[in-house]
Amino acid sequence: MSGLLEGKVAIVTGGAKGLGYGISRRMAGEGASLLITGRDGAATEKVAKEIREEFGTKAIGMSADMAVKEQVEAMVQRAVDEFGGLDTLVTNASSLSDNVLLEHKTDEMLDATLKMGVWGTWWAMRAALPHMKKRGGGSVINFYSIDADTGAWLHSDYNINKMGILGLTRSAAVEWGRFNIRVNAIAPTGLGQVFARLVEEVPGFLEAATANNPLKRAGDPEKDIGPVVVFLASEMSAFITGEMINVDGGQNLPGYVSIPHNLEELEKGET
């Protein structure tokens, strides 16, 4: 590690599990002081303790639900109170509703997905703004998805959500550039919570999922996804804003087929 984030203060939402876990570790390894948040407060505290012991950097865990405005605002304030400011906001936390067809998605499913994603990102960014302005700038790293680009089956509400986050990313990049705040997005494909569970539970899933990936493998959260987040949080990307970077081994080039094998059952409303 080269200390690219030495002296930086960062929040990583959903930072105790899946992709967020690898990102938290990579940022800590580069010297960042971290507030790791998630709905599972015990998990965030466990990871923060692990990071303090392994990397010797400052890290605290906090229970925060990105779907609750008051908790999102408290999260940002906690980082400022603990570390004296805020330089980087990584909005990794997200949620998926049940895998059902668009016509079977409910208003409640869409509402919950947007609350965790678009609304949570909106609240977090707006809460972070005054603190980043005081620091003379900052970096916001939002999360997009290849699912939105491919119109992935059974993820209609999630796809809407990710498209909204990309629009927010670009709007903020244009408007907040005057404060030297850079706002970018990444679309990672890696061994996150859902992907890793499917690899474990479904024989042959990993091979099938990576068959048309140009690099022929799934991304490692710490070794493959984390470094790109570090890059966007560091001064190495000081002249980059409003971008959406695919971090997927080239998966976005061929795309992927997501039509469910049990379409007939899903059309009947069965699971």
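Structural data are supplied above this passage.
Residues numbered from 1 in each chain as written. Predicted model: local features only at pLDDT ≥ 70, side-chain atom pairs only at ≥ 80, totals over all residues. Heavy atoms only, no water.

Draft legend 1. Expanded view of the overall build of the chain. What the chain contains, in helices and strands, is 10 helices and 7 strands. Relative to the 2.2 N^0.38 estimate, which gives 18 Å for 271 residues, the radius of gyration of the chain is 18 Å and therefore close to what a compact globule would have. By principal-axis analysis of the C-alpha atoms, the chain measures approximately 55 × 35 × 35 Å. For the chain, buried positions account for 51% of its 271 residues. Of the contacts made within the chain by residues no fewer than 6 positions apart, 74% connect residues no fewer than 24 positions apart. The distance from the centre of the 26 positive side-chain charges to the centre of the 35 negative ones in the chain is 8 Å. (Helix = DSSP H or I, 4+ residues; strand = E, 2+ residues; numbered from the N terminus. Rg over C-alpha atoms; globule rule 2.2 N^0.38 Å. Buried < 20%, exposed > 50% of the residue type's maximum accessible area, 1.4 Å probe, protein only. Contact = heavy atoms within 4.5 Å. Lys, Arg positive; Asp, Glu negative; His and termini not counted. Charge placed at Lys NZ, Arg CZ, Asp CG, Glu CD.)

Draft legend 2. Quick look at the packing of aromatic side chains. For the structure shown, the criterion picks out 1 aromatic pair. Measuring from ring centre to ring centre gives 5.6 Å for Trp 119 and Trp 123, while their planes differ by 35°; the resulting arrangement is tilted. On the criterion of helical spacing, the pair formed by Trp 119 and Trp 123 is a turn pair, its members being 4 residues apart in helix α4 (residues 107-134). Seen from the ring of Phe 179, Lys 133 lies directly overhead, with NZ or CZ sitting 4.4 Å from the centre. (Phe/Tyr/Trp six-rings, centres within 6.5 Å; stacked < 30°, edge-to-face > 60°. Lys NZ or Arg CZ within 6 Å of the ring centre and 35° of its normal.)

Draft legend 3. Spatial organisation of helix α1 (residues 18-29). A rise of 1.5 Å per residue sets the reference length of α1, with its 12 residues, at 16 Å; its end C-alpha atoms lie 17 Å apart and thus fit the reference within 8%. Burial runs high along α1: 9 of the 12 residues are buried. For α1, the complete set of buried residues consists of Leu 19, Gly 20, Gly 22, Ile 23, Ser 24, Arg 25, Met 27, Ala 28 and Gly 29. Note on α1: the residue one or two positions beyond its end, Gly 31, has a positive phi of about 100°. (Expected span 1.5 Å × (residues − 1).)

Draft legend 4. Representation of the pairing of strand β2 (residues 33-38). Counted residue by residue, β2 has 6 buried out of 6 residues, so it is predominantly covered. Burial along β2 is two-sided: Ser 33, Leu 35 and Thr 37 and Leu 34, Ile 36 and Gly 38, pointing in opposite directions, are all buried. As paired strands, strand β1 (residues 9-13) and β2 are joined by 5 bridges and run parallel to one another. Across the sheet, residue Ala 10 finds its bridge partner in β2, namely Leu 34. The handedness of the β1 to β2 crossover, carried by α1, is right-handed. (Pairing = 2+ DSSP bridges. Right-handed = clockwise from strand over helix to strand, strands pointing away.)

Draft legend 5. Highlighting the packing of α1 against helix α2 (residues 41-55). Where α1 contacts α2, the axes come no closer than 10 Å and their chain directions differ by 30°. With respect to each other, α1 and α2 are oriented roughly parallel. Our pair here, α1 against α2, has a crossing hand that is right-handed. Contacts between α1 and α2 involve Tyr 21, Ser 24, Arg 25, Ala 28 and Gly 29 from the former and Val 47, Glu 50, Ile 51, Glu 54 and Phe 55 from the latter. A per-class count over the contact of α1 with α2 returns 5 nonpolar, 2 polar and 3 charged. (Axes fitted to C-alpha atoms, helices over the stretch in contact; angles between N-to-C directions. Parallel < 35°, antiparallel > 145°, perpendicular 65-115°, else oblique. Left-handed = near helix turned anticlockwise from the far one by under 90°. Nonpolar A, V, L, I, M, F, W, Y, C, P; charged D, E, K, R; others polar.)

In short, the description is geometric, and any link to function would need to be established separately.
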